[in-house]
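Understanding the architecture of this molecule
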Amino acid sequence: MSPLLRLEHGTAGATQAGDSATAAGLAAAVLLLAVPIPAAGQVEMHLDAGMGDAGELRGANVSVAPAFGWTGRWWSVTGNGRYASRGAGGDALMGALEAIGWKRLTPLLALDAGWVGQQRSLSWAPDKSGWGAFVGLKAEGIQRGARLELLRGQAQRNSGHVPLSRTEGTLWTQLGLIQLEILGRQTTLGEAIPGVGRPRDSTNLGGIPDSTPARQFTRYTDLGGTVRSSRGAFSGSVALGHRFSPSGSGSWWRAEGLLWLTSRLGLLVQGGRGPPDLMLGAGGGRFFTVAFRASLRGPSSAVRRQSSGFMAEGRSLLLTRQPGGGTSLAILAPGATRVELMADFTDWLPVALVPREEGWFELESPLPPGTHPVNVRYDGGAWTPPPGSPTMRDEFGGVVGVVRAE
Amino acid sequence: MTDHVGVRRTLPGIPPVLALLTILLAGVVPPVRAQEPRLAARLPDALALRITRVADSARTLGLPPEPLIQKALEGESKGADSIRIEAAVMALFGNLARAREALGIRAGDEVILAGAQALRLGASVTQLQDLQQLRGNRPLAVPLGVFTDLLAAGVPMESAWQSVQDVARRGGEDRQFERLRERVSPRPPDPADPQPPQRQP
């Protein structure tokens, strides 16, 4: 489950009372907005302001939802907040944070570990805090459109934590302007059965009941598909899925449309019904939002990554039209620590691309319109064409790639 | 004694009108420019001067000078020697001039450059002229760019030309040319590939 989806499902969790929770939630929201930005190129941030109705925030008629992502070479932190008001009915505040670190073992294999937590404070319902943590092994061939992730961790259940293990596989492909993604996921939770104990020592015939409750391992299986597309200033997605579990099965769906009015301001409409988040123990629910989205960098990196273009040899070149005009360039180079580019628009001087999450490197400024001869190099190696771009021999004994920007 | 008489005296054998025209033109033609700063900063002085002159000549002929400067900078960045850099710049100059001749004086810089790249990859002047005639007054940059990309992607000249020509004959929009490009899966160059033809001006 993507961090964003996980956080949004978290908006519908059960709650506990307490003024301290209110203060913590407020602090979290302020922190989200006030966190220092070390380099604008590594930060994604947006703020949705509009009308919403999400899970137990049902009836909220005004909502403000900031979100940010801060990515380094081996870690990322994402945060999400929401303030909702239903007038005289009261206010609600929610903050959620997720931190993930990873170590790439090979170009296709990575070890990762993460923590996700949320704090909620509702004046019309009890408050709640919750967290989950995991360690995982992830194999992905982005250029082949496949990812497999195995993880073990702790999940929030009621007031305690239970063991969680998860296997998740994703396949995706590009069909013209449409990207299709298929998801299969099985999550096993070791949920406690209250009041059932076991002998502390089975050889002790007079066995004393243990206070440790017995565990019942429950499997949840999710199958789903997502269709995404973007054209010009509009991007949209529709996701459908079904969860199978012993306690009852149910379908979930989500639809989202985002129209960029300027390079940084868009109109967002989203709605759906989310499944309960198994990591945070928060209940799912229906949600609907109509909001203006103000963004630090326009379309999110996640959206850009999904609109993948050329792919070859384990490395990928991604050219994406920006809503406000211009074309951004990013290169996927798993395992590389430094990627440089030179082209006619840099006067053939090397320019370092900015590292992003999971092996992506991005040119900080948009490409000027036109056709450009381009070379790139990885970790100071030889100059080569960008992966997958049309190539031609240069006059100096090398090969140059041809990149077209609109 | 009039100036006319003076001219006659100082330039014996040259018709007075032509002599006067030469003097007037000398005032119109711009003086030799200083070296282009980017070239002066990165190339040996003599080479920078020669490339600057080629760029000035291009400007005078209505050809885009910037690609010539970029070609020299590209050579410098790739560690090429002066002879190779100058040869590359002169070859590009020649292709720009031939593209201009084929596509006419109304063609923009982007179209001229795309034409020059197509010529470098083996296209002929006749093909450029044919494509321009087929397109009439419609923009030529995308069809030429697609033609170049097809050649760069390893599509045989005959097939690439046939594809582009077919779309142009049907009066296709830019989007239809773009689809041709999308059908091609690029391949890395093979060292055994023949070198593209090098033409001198």
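Everything that follows concerns the structure shown earlier in this document.
Residues numbered from 1 in each chain as written. Chains lettered and ligands numbered in written order. Predicted model: local features only at pLDDT ≥ 70, side-chain atom pairs only at ≥ 80, totals over all residues. Heavy atoms only, no water.

Side note on unusual backbone geometry
Residue and element names in this part refer to chain A. Counted only if it meets this: Secondary structure counts use DSSP, requiring at least four H or I residues in a row for a helix and at least two E residues in a row for a strand, with both numbered from the N terminus.
Positive phi, close to 55°, is recorded for aspartate 347, a residue that is not glycine. Looking at the element boundaries, aspartate 347 is found in the loop between β18 (339–343) and β19 (351–352). Positive phi, close to 50°, is recorded for aspartate 379, a residue that is not glycine. Considering the arrangement of structural elements, one finds aspartate 379 in the loop between β22 (370–378) and β23 (391–393).

What about the interface of chain A and chain B?
The cut-off we apply is this: We call two residues in contact whenever any of their non-hydrogen atoms come within 4.5 Å of each other. We define buried area as the total accessible area lost by two parts upon association, computed with a 1.4 Å probe and summed across both. Should a side-chain nitrogen of Lys or Arg be within 4 Å of a carboxyl oxygen of Asp or Glu, the pair is scored as a salt bridge. Here a polar contact is recorded for every N or O atom pair within 3.5 Å, except that within protein the pair must consist of a potential hydrogen donor and a potential acceptor, and residues adjacent in sequence are included only if both atoms are side-chain atoms. Classification used: nonpolar for Ala, Val, Leu, Ile, Met, Phe, Trp, Tyr, Cys and Pro, charged for Asp, Glu, Lys and Arg, polar for all others including Gly.
Taken together, the 24 residues of chain A in the interface contact 34 residues of chain B. Taken over both partners, the interface formed by chain A and chain B buries close to 2,500 Å², and the fraction arising from carbon and sulfur atoms is 53%. It is A:Arg393, A:Glu395 and A:Phe396 in chain A that bury the most area against chain B; as a group they hold 33% of the surface buried on that side. Ionic pairing is found between B:Arg38 and A:Asp347, a salt bridge with its closest N-O pair at 3.1 Å. Here chain A is connected to chain B by 15 residue pairs in polar contact (both at pLDDT 80 or more). The set of elements that each furnish at least two residues to the side of chain A that touches chain B consists of β18, β22, β23 and β24 (399–405) of chain A. A breakdown of the residues in the side of chain A that touches chain B according to their chemical character gives 10 nonpolar, 6 polar and 8 charged.

Considering the layout of surface pockets
As a reminder, the rule being used: Cavity: a set of points on a 1 Å grid over the protein atoms alone where a 1.4 Å probe fits but cannot get out. Pocket: an open set with protein on both sides within 12 Å along at least five of seven lines, its lining residues, like those of a cavity, having an atom within 4 Å of a point. Grid points are joined across faces, edges and corners, and a volume is the space filled by probe spheres set on the points.
Within this model, the second largest pocket holds a volume of roughly 590 Å³. Lining the second largest pocket are 32 residues, and of these A:Asp344, A:Pro373, B:Pro67, B:Leu113 and B:Gln117 sit closest to its centre. Ranked by residues supplied to the lining of the second largest pocket, first place goes to helix α7 (residues 109–120) of chain B with 7 residues. Among the residues making up the lining of the second largest pocket, the classes are represented as 13 nonpolar, 8 polar and 11 charged.

Some points on the packing of helix α9 (residues 141–152) of chain B against helix α11 (residues 174–183) of chain B
Residue and element names in this part refer to chain B. Formally: Between the N-to-C directions of two axes lies an angle of 0 to 180 degrees, each axis being a line fitted to C-alpha atoms and, for a helix, fitted only over the stretch in contact. By definition in this entry, angles of less than 35 degrees are roughly parallel, angles greater than 145 are roughly antiparallel, angles of 65 to 115 are roughly perpendicular, and the rest are oblique.
Closest axis-to-axis distance for the α9/α11 pair is 9 Å, and the angle between their directions is 5°. It follows that α9 is roughly parallel to α11 by the angle criterion. Contacts between α9 and α11 involve Val142, Pro143, Gly145, Val146, Asp149 and Leu150 on the former and, on the latter, Asp174, Phe177, Glu178, Leu180 and Arg181. Here the residues of the contact of α9 with α11 sort into 6 nonpolar, 1 polar and 4 charged.

Some words on the environment of A:Leu137
Residues and elements named next belong to chain A. Rules: The rule is simple: take the accessible area with a 1.4 Å probe, protein chains only, and divide by the maximum for that residue type; under 20% is buried, over 50% is exposed, in between is partly exposed.
Inspection of the secondary structure assignment puts leucine 137 in strand β6 (residues 128–141). When its relative accessible area of 33% is taken as the criterion, leucine 137 is described as partly exposed. C-alpha of leucine 137 to C-alpha of leucine 105: the two residues are 32 residues apart in sequence and 9.8 Å apart in space.

Focus: the packing of aromatic side chains
All names here are of chain B. As a reminder of what qualifies: Two rings from Phe, Tyr or Trp (for Trp, the six-membered ring) form a pair when their centres are within 6.5 Å of each other. A pair whose planes differ by under 30 degrees is stacked, one over 60 is edge-to-face, and the rest are tilted.
All chains considered together, the criterion is met by 1 aromatic pair over all chains. Pairing phenylalanine 147 with tryptophan 161 gives two aromatic rings, centres 5.5 Å apart and planes at 55°, and the pair type is tilted. Of this pair, phenylalanine 147 sits in helix α9 while tryptophan 161 sits in helix α10 (residues 157–169), placing them 14 residues apart in sequence. Assessed through its relative accessible area of 8%, tryptophan 161 is described here as buried.

By themselves, these observations are geometric and do not establish any function.
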